Amino acid sequence: KQAPILRHPTTVVGTGALMTSEETASAVLRLAQAQQSQVPAPPPQQQHNQQVAQSSAEERLQLSEAKVRRLLELSPIAVSIKRISDNQRMFSNQSFVDMFHTTFILASGADTSQFYQNAEEYHDIYQRVVGGETIINRQLGLQTLDLQKFWVQASFFLMEYEGEPA
């Protein structure tokens, strides 16, 4: 039997049959499981080498995450990260705190819409970002906690932070 030939991302043409992408994914998964059950387990030394490599990769990832966090902490650009599930601020850097004339403690519990000259603008941006849209360099009218108004260019995007959508 000849292997199917991919003709379009949602359709596979093969041995005279058309399959949807869901059917294709299911077939590929079944094939992979069948092949995996036929593959003998690697020798103990190879398993150990794989575990060491995975551990090393995890350590490098953790180191990289720590470096990025340190870079964000020191950045002259204001950065704030909020968790999607409960809208809790998970990270703010010193530039963010300074920009709004606040403290880390006040910033962590603050309703973000109070930093906007127009609170509806915040809600619109939030809904769009939660919906998966990336917003780049949008001009916004913001205000400090003591109501000093200013303008910024801000970017917003959905990401994972500490294992959760943010």
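Residues numbered from 1 in each chain as written. Predicted model: local features only at pLDDT ≥ 70, side-chain atom pairs only at ≥ 80, totals over all residues. Heavy atoms only, no water.

A separate point is unusual backbone geometry. Negative phi characterises most residues that are not glycine, and trans characterises most peptide bonds. Positive phi values are uncommon outside glycine, yet Asn-137 reaches one of about 50 degrees. According to the relative accessible area criterion, Asn-137 is partly exposed, its value standing at 46%. We note that Leu-147 has phi near 65 degrees; this positive angle belongs to a residue other than glycine. Within the secondary structure, Leu-147 sits in the loop between strand 6 (135-143) and strand 7 (149-156). You can call Leu-147 exposed: its relative accessible area is 57%. (Buried < 20%, exposed > 50% of the residue type's maximum accessible area, 1.4 Å probe, protein only. Helix = DSSP H or I, 4+ residues; strand = E, 2+ residues; numbered from the N terminus.)

Summed over all chains, the structure comprises seven aromatic pairs. Members of the aromatic cluster, connected to one another through ring pairs, are Phe-96, Phe-100, Phe-115 and Phe-150. (Phe/Tyr/Trp six-rings, centres within 6.5 Å; stacked < 30°, edge-to-face > 60°.)

To continue, consider the nonpolar core. Most often, soluble globular proteins have nonpolar side chains that are buried together. The biggest cluster of nonpolar side chains holds 17 residues, and the ones touching the most others in it are Tyr-116, Ile-125, Leu-140, Leu-142 and Phe-156. At the level of secondary structure, the elements contributing two or more residues to this core comprise helix 3 (94-99), helix 5 (119-130), strand 6 and strand 7. No other element matches the four residues that strand 7 contributes to this core. Contact partners of Leu-140, with chain neighbours within four places excluded, come to Tyr-116, Glu-121, Ile-125, Phe-150, Trp-151, Val-152, Ala-154 and Phe-156. (Core = buried A, V, L, I, M, F, W, Y, C linked by side-chain atoms within 4.5 Å. Contact = heavy atoms within 4.5 Å.)

With that out of the way, let us pick up the side chain of Ser-95. Locating Ser-95 in the fold gives a position in helix 3. Within the structure, the side chain of Ser-95 is placed 2.7 Å from the backbone oxygen of Ser-75, a separation counted as a polar contact. Separated by 3.3 Å, the side chain of Ser-95 and the backbone oxygen of Pro-76 make a polar contact. (Polar contact = N/O pair within 3.5 Å; in protein donor to acceptor, adjacent residues only side chain to side chain.)

Further remarks concern the layout of surface pockets. Volume-wise, the largest pocket comes out at about 1200 Å³. Every residue lining the largest pocket is counted, 41 residues in all, and those nearest its centre are Val-79, Ser-80, Ile-81, Lys-82 and Ser-155. Secondary-structure elements contributing two or more residues to the lining of the largest pocket are helix 2 (44-74), strand 4 (80-82), helix 3, helix 5, strand 6, strand 7 and strand 8 (160-161). The greatest single-element share of the lining of the largest pocket, amounting to six residues, is contributed by helix 2. Considered class by class, the residues forming the lining of the largest pocket number 27 nonpolar, eight polar and six charged. (1 Å grid on protein atoms, 1.4 Å probe; cavity = no way out; pocket = protein on both sides within 12 Å on 5 of 7 lines; lining within 4 Å. Points joined across faces, edges and corners; volume = space filled by probe spheres on them. Nonpolar A, V, L, I, M, F, W, Y, C, P; charged D, E, K, R; others polar.)

Purely geometric numbers; function is a separate question.
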